[in-house]
Amino acid sequence: MIAAAGSGERLGAGGPKAFVDLAGRPMLAWSLAAFGGAGSIGAIVVAAPPGGEARVSQIADKAGVDVSVLRGGEYRSQSVANALEAVEADLVVVHDAARPLVAPTLIDEVVTRLTANSDMVGVVAAAPVTDTIKEASVSRRVLRTPERSRLWAVQTPQAFRTEQLREAFAAHADDLASATDDAALVERSGGDVLIHQASPQNLKITTPLDLRVAEMLLS
């Protein structure tokens, strides 16, 4: 499942982020190629920007990848919830189109880790935090400095047991607008989640600088 309904407002794209050109291809095309090349993926569902369903289908056709396309929501978690309705497999991988540098091997690795750990509800790609992190108040007064060795910057792809993910979304339906991470909903529902170490290169494109960095990495 690829969440691709982001507006791209912070990127200054003037349109959906998934359609922004990245090294000669729409950003979404890079994630589609990765999922198409992953051996663990049987079907691909894309949550498209409202009104952009036909454009997503065109991008997938050009990439040579078969997809099911449905309308995304106003916010990310609503898009994931919409896409979950179309998932029939026991396991589901959720990925953001805003992380176009994802590798097929990383997708397969999170699925393999979940399959091998029957007591886990989810496995998330993440990179160790290298900066010192400060927790601050609303007025930006430092409250504490967490121990860096235990902190991880969470990414996608994230693999889940489909039914438990659906249950987590249903249990927190009133909070989806503020949810930025699917695994957090699973955790709040009592499900255990495992971290799978990934490269910081699997960056999320949010700003024009991120886009420039991704273009350099792909060149």
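Residues numbered from 1 in each chain as written. Predicted model: local features only at pLDDT ≥ 70, side-chain atom pairs only at ≥ 80, totals over all residues. Heavy atoms only, no water.

A. Spatial organisation of the environment of Gly52. Within the secondary structure, Gly52 sits in the loop between strand S4 (45-48) and helix H2 (53-63). Gly52 gets classed as buried once you look at its relative accessible area, which sits at 7%. (Helix = DSSP H or I, 4+ residues; strand = E, 2+ residues; numbered from the N terminus. Buried < 20%, exposed > 50% of the residue type's maximum accessible area, 1.4 Å probe, protein only.)

B. A look at the environment of Val69. Structurally, Val69 is set in strand S5 (residues 68-71). According to the relative accessible area criterion, Val69 is partly exposed, its value standing at 28%. The sequence separation of Val69 and Ser137 amounts to 68 residues, and the corresponding C-alpha distance is 42 Å. Sequence-distant contacts of Val69, defined by excluding residues within four places in its chain, comprise Val46, Ala48, Glu53, Val56 and Ser57. (Contact = heavy atoms within 4.5 Å.)

C. Representation of the nonpolar core in the model. By size, the foremost hydrophobic cluster in this structure holds 32 residues, and its most contacted members are Ile2, Leu28, Leu32, Ile44, Val46 and Ile107. Those elements that provide at least two residues to this core are helix H1 (27-36), S4, H2, helix H4 (104-116) and strand S7 (122-128). Dropping the residues within four chain positions of it, Val46 is found in contact with Ile2, Ala4, Leu28, Leu32, Val56, Val67, Ser68, Val69 and Leu70. Counting residues in hydrophobic clusters, the runner-up holds 23 residues, among them Ala3, Ala47, Ala81 and Phe160. (Core = buried A, V, L, I, M, F, W, Y, C linked by side-chain atoms within 4.5 Å.)

D. Molecular detail of the packing of H1 against H2. For the pair H1 and H2, the least separation of the axes is 9 Å and the interaxial angle reads 50 degrees. With respect to each other, H1 and H2 are oriented oblique. The element H1 and its partner H2 pack so that their crossing is right-handed. Taken together, the residues of H2 that come into contact with H1 (itself represented by Leu28, Ala29 and Leu32) are Val56, Ile59 and Ala60. Class assignment of the residues belonging to the contact of H1 with H2 gives a composition of six nonpolar, no polar and no charged. (Axes fitted to C-alpha atoms, helices over the stretch in contact; angles between N-to-C directions. Parallel < 35°, antiparallel > 145°, perpendicular 65-115°, else oblique. Left-handed = near helix turned anticlockwise from the far one by under 90°. Nonpolar A, V, L, I, M, F, W, Y, C, P; charged D, E, K, R; others polar.)

E. Region of the structure containing the sheet that holds S4. What the seven strands build is an open sheet, ordered S5-S4-S1-S6-S10-S7-S11; its pairing is mixed. Edge positions in the sheet fall to S5 and strand S11 (193-197), since each has one partner strand and no second. Sitting on the sheet, helix H3 (residues 76-84) touches strand S1 (2-3), S4, S5, strand S6 (91-96) and strand S10 (152-161), and the angle it makes with S6 is about 145 degrees. Contacts between H4 and the sheet are confined to S6, S7, S10 and S11, with S10 contributing the most and set at about 60 degrees to the helix. (Pairing = 2+ DSSP bridges.)

F. Region of interest: the packing of H3 against helix H5 (residues 162-171). Following both chains from N to C, one finds H3 and H5 inclined at 135 degrees, their axes separated by 11 Å at the closest point. What the angle tells us is that H3 and H5 run oblique. Seen along the crossing, H3 lies across H5 with a hand that is left-handed. Touching Ser77, Val80, Ala81 and Leu84 of H3 are Thr162, Leu165, Arg166 and Phe169, all from H5.

G. Fine view of the side chain of His196. Among the structural elements, His196 can be located in strand S11. A distance of 2.8 Å separates polar atoms of two side chains, one belonging to His196 and the other to Glu109. The contact partners of His196, leaving out residues within four places of it in the chain, are Leu106, Glu109, Val110, Arg113, Val123, Val124, Ala125 and Ala126. (Polar contact = N/O pair within 3.5 Å; in protein donor to acceptor, adjacent residues only side chain to side chain.)

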